[in-house]
Amino acid sequence: MSASRDPLLQPFNLRHLTLKNRIVSAAHEPAYSEDGLPKARYRLYHEAKARGGMAMTMIGGSAVVAPDSPPAFGNLLLYKDEIVPWLAELADSVHQHDCAVMCQVTHLGRRTRYNAGDWLPVVAASGLREPAHRAFPKIAEEHDLERIAKAYADGAARCQAAGLDGIEIEAYGHFLDGFLSPWTNRRDDDWGGELANRLRFPLMVIDAVRASVGPEFLVGIRLVVDELLPHGLGRDEGLEVCRLLEQGGAIDFLNVIRGHIDSDTGLAEVIPNMGAASAPHLAFVGEVKRATGLPVLHASRINDVATARYAIREGLLDLVGMVRAHMAEPNIAALIEAGDEERIRPCVGAGYCIDGIYENGAAYCIHNPATGREASLPHVIARDVDAPRHVVVVGAGPAGLEAARASAERGHRVTLLEANDVAGGQVRLASLLERRREMLGITEWRLAECQRLGVTLRFNCYAEADDVLALAPDVVILATGGLPQVHPELQAGEALVQSSWDALVDPVRAGERVLVYDDHGGFPGLSAAEHLACRGAHVTLATPERTLGIEVGGTNFPAFLGAFDRHDVAIRLNRTLTRVERTPEGLASTLTSAYCRDTLETLNVDRVIVEHGTAPLDELYHDLKPQSRNLGELDIDAFIAITPQRLTRNEAGNFQLFRIGDAVASRNVHAAVYDGLRLALGL
């Protein structure tokens, strides 16, 4: 489709503001703030997306307006005057790329914790605890409402003073919509009961904001229109709220939300991950658009261009929010305009970004390590090599493919050797769980890029030292991955157990009794248990941890637990597998406890699966190491700084040798691609 006819590339007027296309990044909080301020890291992240051609980026997800709304996930502190110059610097940087910028503002209400920030009680419409953040709120008094409404107005004024194009008021799962929803508003005063009363405080805030910023500053609202709760705000009342907001004239656009986020399960439905339907709320958003005359924005798993284009072409919305898609690829609009749509790095819906906010303290894309690291890593790799070298990469998993891609982008001649007949490594294994098939996008995109860049690809090549040396390499990068290892507490029966790899690959007999022992806490063990249970096995899932899947984040966890409930998977926490012995009744599996050291139970099963990560597959590394110039040593300081690797430990060596990913130690996909990119940039 030519750029002139592409629905996504058509301009749109948001009152006086002309947006150059329909592609935006909806508000979200990547937790890149420093001291609650949008300093360099925050600015560079949004500037990268603006440079990539989008029409508008929305910062703050959400910026908090008062001290009794302490940050729960790196929120900006909009109640501080010192935020204004930082916002202004960000706005100026984004505007240089003909991209608008707005800020989402909120009071978190009960969606935070009391033991953060200034340790003030959290406050809400009613005294109902939010399950996700677990705080018991104080019931808001009238003086709280007056104070908080003024705080919204002051926060909006700070955004205006900084030169932003507008703000978006957050009203889903936070303080404001706590009044709108009959589920969370149990008040019997003038602020509760009928819809007109429940709408009083949101209108009070909107009026205060509009009075503060005047008629020209853009003010929108991200609003839950249907909570999908039996006693919550339903579709009919939600549409009535939209009509009333339109009639009031103070709101310039709607950002439509469907669902509730007070629990992991609810959040995973509002922000769905892989395995869920694409754009699951899009048809409902179309209903909202038809019911009002306000411009409509929406973002929920619209992670590919085809879906985004359809949404605009069919008139279901006016602006399409593609948050996670831009974390994977900030240059979406530019690539569409250039006719290179097929080169867009896909969002695979892994949820590593949003879960990472809680797990790692910041959002990272599972397979774009430059996101959030724009100060040190490029999204577009320059062809900057004056003297190309021959780089031989062994292993076509995510680490090896990334190293090959980035090396070739820089201008090196690259040969990639892979033992299997296809690329993918452990990603291909992970994708055997049906709802995680999108993981293949991580390696398929890199494979396509390697082919485009002219990388020599040799499959069915189990490389040994002589094979590598025969290629006369200047650099050898080993991304050979690892092999499953048995956990060290197993005193007997190692030959009787299998790995999570076996569970995903081997056929399962219906009715088979299986013990899955997860001493890893990540996706592999849970995936193995789900895969087996869905195919008719009777699964017991045991772990030595105090909770199941301790490394799996909140938006990914519900899908596993749902499958376990549907298939009656038995769960054993705080259990250590110590022995497996063959008996006439099956494989007798002894489970003990670290807390009492006694045998708590012995399970007789037909199959035992053990997940304990991988041990490096490093035979080739040790064979090549003595002949390498650096004796396999990585200059860690240069690696961190992304400067050239120049260590020489063996003057007779004529090639550098490195290993990355699981060939070093058992880690995850993000670590693997981050290894590959950093090393390639330092060659």
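Definitions and limits used
- Residues numbered from 1 in each chain as written.
- Predicted model: local features only at pLDDT ≥ 70, side-chain atom pairs only at ≥ 80, totals over all residues.
- Heavy atoms only, no water.
- Helix = DSSP H or I, 4+ residues; strand = E, 2+ residues; numbered from the N terminus.
- Buried < 20%, exposed > 50% of the residue type's maximum accessible area, 1.4 Å probe, protein only.
- Contact = heavy atoms within 4.5 Å.
- Areas by Shrake-Rupley, 256 points an atom, 1.4 Å probe, with all protein chains shown as cover.
- Lys, Arg positive; Asp, Glu negative; His and termini not counted.
- Charge placed at Lys NZ, Arg CZ, Asp CG, Glu CD.
- Patch = residues over 30% accessible without salt bridge, like charges linked within 9 Å, V, L, I, M, F, W, Y side chains within 5 Å.
- Salt bridge = Lys/Arg side-chain N within 4 Å of Asp/Glu carboxyl O.
- Axes fitted to C-alpha atoms, helices over the stretch in contact; angles between N-to-C directions.
- Parallel < 35°, antiparallel > 145°, perpendicular 65-115°, else oblique.
- Left-handed = near helix turned anticlockwise from the far one by under 90°.
- Nonpolar A, V, L, I, M, F, W, Y, C, P; charged D, E, K, R; others polar.
- Core = buried A, V, L, I, M, F, W, Y, C linked by side-chain atoms within 4.5 Å.
- UniProt positions renumbered as here; feature names shortened; annotations may be inferred.

(A) Broad picture of the overall build of the chain. When helices and strands are counted, the chain shows 23 helices and 27 strands. When burial is assessed residue by residue, the chain has 59% of its 683 residues classed as buried. Put simply, 71% of the contacts in the chain that link residues at least 6 apart link residues at least 24 apart. As presented, the chain carries roughly 26,200 Å² of accessible surface, and 49% of it is formed by carbon and sulfur atoms. Side-chain charges in the chain split into 67 positive and 91 negative, and the spacing between the mean points of these groups amounts to 1 Å.

(B) Representation of a nonpolar patch on the surface within the structure. On the surface, a nonpolar cluster with roughly 270 Å² of combined accessible area is contributed by Leu634, Ile636 and Ile640. Mapped onto the secondary structure, isoleucine 636 falls in helix 22 (residues 636-641).

(C) Main features of the packing of helix 7 (residues 235-248) against helix 9 (residues 282-291). Here helix 7 crosses helix 9 at 40°, and the two axes come no closer than 10 Å. With respect to their mutual orientation, helix 7 and helix 9 come out oblique. Where helix 7 crosses over helix 9, the two elements pack in a sense that is right-handed. Where helix 7 abuts helix 9, its residues Arg235, Leu239, Cys242 and Arg243 lie against Phe284, Glu287, Val288 and Ala291. Of the residues contributing to the contact of helix 7 with helix 9, the split by class is 5 nonpolar, no polar and 3 charged.

(D) Focus on the nonpolar core. Residues Ile169, Phe201 and Leu223 are the most contacted members of the largest nonpolar core, which totals 101 residues. Broken down by element, the residue count for this core peaks at 7 residues, all from helix 3 (residues 142-161). Discounting residues that sit within four places of it in the chain, phenylalanine 201 has contacts with Leu145, Ile148, Ala149, Phe175, Leu176, Phe179 and Trp191. Ranked by size, the runner-up nonpolar core spans 23 residues in total, among them Ala396, Leu416, Phe658 and Leu683.

(E) Representation of the packing of helix 14 (residues 398-410) against helix 23 (residues 669-681). Where helix 14 contacts helix 23, the two axes come as close as 8 Å, and the packing angle between them is 25°. Classed by the angle they form, the pair helix 14 and helix 23 counts as roughly parallel. Every pair of crossing elements has a handedness; the one defined by helix 14 and helix 23 is right-handed. Here Pro398, Ala399, Glu402, Ala403, Arg405, Ala406, Ser407 and Arg410 of helix 14 lie close against helix 23, whose contacting residues are Val669, Ala672, Val673, Gly676, Leu677, Ala680 and Leu681. The residue makeup of the contact of helix 14 with helix 23, split by class, is 10 nonpolar, 2 polar and 3 charged.

(F) Layout of the UniProt feature "domain: FAD/NAD(P)-binding" (unreviewed entry) in the chain. The UniProt entry lists residues 390-673 under the feature "domain: FAD/NAD(P)-binding" (unreviewed entry), expressed in the numbering used here. Regarding residues 390-673, the helix share stands at 29% and the strand share at 25%, and the terminal C-alpha atoms are separated by 20 Å.

(G) Representation of the pattern of salt bridges in the model. Under the counting rule described, the total for this entry stands at 41 salt bridges. Note that aspartate 81 is salt-bridged to arginine 158, the shortest N-O span being 2.9 Å. On the criterion of sequence distance, the pair formed by aspartate 81 in the loop between strand 4 (56-64) and helix 2 (83-95) and arginine 158 in helix 3 is long-range, its members being 77 residues apart. The class for aspartate 81 is exposed, based on a relative accessible area of 55%. Here arginine 198 ties to glutamate 237 by a salt bridge, and the two come within 2.7 Å at their closest N and O atoms. Highlighted residues: arginine 198 in helix 5 (residues 195-198) and glutamate 237 in helix 7, separated in sequence by 39 residues. Judged by its relative accessible area of 3%, arginine 198 is buried. Note on glutamate 237: relative accessible area 26%, which makes it partly exposed. Several salt bridges share partner residues, and in doing so they unite Asp68, Lys138, Glu141, Asp144 and Arg147 into one network.

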